Amino acid sequence: MRKSPKEHISEAEWEVMRVVWANQPVDSKTIITILDEKLTWKPSTVKTLLKRLVDKQFLMTEKNGRGYLYHANYLEKNIIDDNIEELLSRVCDKDEAYLVQSMIKHAKLSKLDLRFLIDQLKKDIDEAPEEITCQCLPGQCTCRHH
Ligand SMILES: [Zn+2]
């Protein structure tokens, strides 16, 4: 299993990937049945998405009678990590804290999750710099105006 894909996954493709991750190896009929609960896609839509995901190498196929079984080429966690790194790379280094705060605010977190976060943050505080500096291209950020 490779670590990181070059292509992006669209919102629709993500719906399909989640079914594959949860059920692999899985055939298209099962994927269509599962997604039918949530979305009003035609079977041909799911098949188009599957073909696209194979073309982009997110999925691999295995012959299964007259059809195929689908496997994911990447772990869900790796794709999530890539998306988060990409999101962080889009903002000023000084705004990354806002992104994290916003994520914590919007995430559903249990007491256990929060205790884990607090412990992790207590460990991280000793290593953290006093201040984050802006590394942006002049003109791409408002930091230098202040
Ligand atoms: Zn900046």
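Residues numbered from 1 in each chain as written. Predicted model: local features only at pLDDT ≥ 70, side-chain atom pairs only at ≥ 80, totals over all residues. Heavy atoms only, no water.

**Structural notes on the coordination of the zinc ion**
Then, in step 1: Coordination of the zinc ion by the protein is provided by Cys 92 (SG), Cys 134 (SG), Cys 136 (SG) and Cys 141 (SG), with metal-donor distances spanning 2.2 to 2.4 Å.
Then, in step 2: What the four donor atoms of the zinc ion show is an angle range of 103 to 121 degrees at the metal, which sorts the shape as tetrahedral.
Then, in step 3: Positions of the donor residues of the zinc ion, expressed as sequence spacing, correspond to C-x41-C-x1-C-x4-C. Linking Cys 92 in the loop between α4 (76-89) and α5 (96-106) with Cys 141 in the segment after α6 (111-125), this pair joins segments that are 49 residues apart in sequence. (Donors = N, O, S within 2.8 Å, 3.2 Å for Na, K, Ca; no water. Tetrahedral: all angles 85-135°; square planar, octahedral: opposite > 155°, others 65-115°. Helix = DSSP H or I, 4+ residues; strand = E, 2+ residues; numbered from the N terminus.)

**Examining unusual backbone geometry**
Then, in step 1: The peptide bond linking Gln 24 to Pro 25 adopts the cis configuration, its omega dihedral lying at -5 degrees.
Then, in step 2: Tracing the backbone shows Pro 25 in the loop between α1 (11-23) and β1 (26-27).
Then, in step 3: A positive phi angle is found at Gln 57, which is not glycine, with a value near 65 degrees.
Then, in step 4: For Gln 57, the position within the fold is in the loop between α3 (43-55) and β2 (59-64).

**Observations concerning the layout of surface pockets**
Then, in step 1: Computed from the structure, the largest pocket encloses a volume of approximately 540 Å³.
Then, in step 2: In this structure, the largest pocket is lined by 15 residues; those nearest its centre are Ala 97, Val 100, Leu 121, Ala 128 and Ile 132.
Then, in step 3: Looking at the lining of the largest pocket, the elements that each hand over two or more residues are α5 and α6.
Then, in step 4: A class-by-class count of the residues in the lining of the largest pocket yields nine nonpolar, two polar and four charged. (1 Å grid on protein atoms, 1.4 Å probe; cavity = no way out; pocket = protein on both sides within 12 Å on 5 of 7 lines; lining within 4 Å. Points joined across faces, edges and corners; volume = space filled by probe spheres on them. Nonpolar A, V, L, I, M, F, W, Y, C, P; charged D, E, K, R; others polar.)

**Overview of the side chain of Ser 28**
Then, in step 1: Residue placement: Ser 28 occurs in helix α2 (residues 28-36).
Then, in step 2: With relative accessibility at 17%, the residue Ser 28 sits in the buried group.
Then, in step 3: If near-sequence neighbours (up to four positions away) are discounted, Ser 28 is found in contact with Lys 47, Leu 50, Tyr 68 and Tyr 70. (Buried < 20%, exposed > 50% of the residue type's maximum accessible area, 1.4 Å probe, protein only. Contact = heavy atoms within 4.5 Å.)

**Details of the pairing of strand β3 (residues 67-72)**
Then, in step 1: Two elements, β1 and β3, share two bridges in a ladder whose sense is antiparallel. Following the sheet pairing, Val 26 is matched in β3 by Tyr 70.
Then, in step 2: Direction of pairing for β2 relative to β3: antiparallel, over a ladder of six bridges. Looking at β3, one finds that Asn 64 is bridged to Gly 67.
Then, in step 3: Counting the residues in the hairpin turn of β2 and β3 gives two residues, including Gly 65, whose phi is positive at 65 degrees. (Pairing = 2+ DSSP bridges.)

**What about the side chain of Glu 13?**
Then, in step 1: In this fold, Glu 13 is placed in helix α1.
Then, in step 2: Beyond its immediate sequence surroundings of up to four residues, Glu 13 is in contact with His 8, Leu 49, Arg 52, Leu 53 and Lys 56.

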